[in-house]
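Reading the structure
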Amino acid sequence: MKIATENQDKGFLPDGRHLVEITGIEEGTSEHQNVPFFAARMESADGFVSQRFYNSPAGHPIILSLYAAVGIQPHDGKDLDTKELIGKHLSVEVSDHSYTDPATGNERSIRQATGFRAA
């Protein structure tokens, strides 16, 4: 077996505040409640973190804080386009977050980005 060593994906960003670039957006729906979301991949030379943003009333303030951090202001009557986020820079706080998986009742931990600020 040969294992390619080129183009290896970066590891997760360590805990702490990082300047990152949004390099990709994926869209989907949550596994348990079918809530639409987009996941933003945020990278620096030190690694990456992928953060989901849920399109729900509870998620809108978080989404708006992300857009504000990258300098995009919403306008009444005009939808925000997630593709506009690609290539934008911002500062994020990276840490682990633990929660109880609703399907299994088991505790899970995810890497997350919070505390969005302008770069």
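Residues numbered from 1 in each chain as written. Predicted model: local features only at pLDDT ≥ 70, side-chain atom pairs only at ≥ 80, totals over all residues. Heavy atoms only, no water.

Quick notes on the sheet that holds strand β3 (residues 47–54)
Sheet strands pair by backbone hydrogen bonding; their relative direction is either parallel or antiparallel. The strand order across the open sheet built from five strands is β3-β2-β1-β4-β5, with neighbouring strands paired in antiparallel fashion. The open sheet has two edge strands with one neighbour each: β3 and β5 (107–118). Strand-to-strand twist of the sheet, defined as the mean angle between neighbouring strand axes without regard to direction, takes the value 35 degrees. In the sheet, strand β4 (residues 89–100) pairs with β5 via ten bridges, with the strands oriented antiparallel. Along β5, the bridge assignment pairs L90 with A118. Of the strands in this sheet, β1 (16–29), β2 (36–44), β3, β4 and β5 touch helix α1 (residues 60–69), which is tilted by about 45 degrees from β5. (Pairing = 2+ DSSP bridges. Helix = DSSP H or I, 4+ residues; strand = E, 2+ residues; numbered from the N terminus. Axes fitted to C-alpha atoms, helices over the stretch in contact; angles between N-to-C directions. Contact = heavy atoms within 4.5 Å.)

Concerning unusual backbone geometry
Positive phi, close to 55 degrees, is recorded for N34, a residue that is not glycine. Take N34: it is sitting in the loop between β1 and β2.

As for the pattern of salt bridges
By the definition in use, this model includes seven salt bridges. Residue R17 pairs with E93 through a salt bridge whose shortest N-O separation is 3.6 Å. Taken together, the positions of R17 in strand β1 and E93 in strand β4 put the pair 76 residues apart, joining distant regions of the chain. Judged by its relative accessible area of 31%, R17 is partly exposed. A salt bridge links E31 to R52, with the nearest nitrogen and oxygen atoms 3.0 Å apart. Of this pair, E31 sits in the loop between β1 and β2 while R52 sits in strand β3, placing them 21 residues apart in sequence. The exposure class assigned to E31 is exposed, which follows from its relative accessible area of 54%. Judged by its relative accessible area of 30%, R52 falls in the partly exposed class. It is possible to trace a salt-bridge network through shared partners that takes in K10, R41 and E43. (Salt bridge = Lys/Arg side-chain N within 4 Å of Asp/Glu carboxyl O. Buried < 20%, exposed > 50% of the residue type's maximum accessible area, 1.4 Å probe, protein only.)

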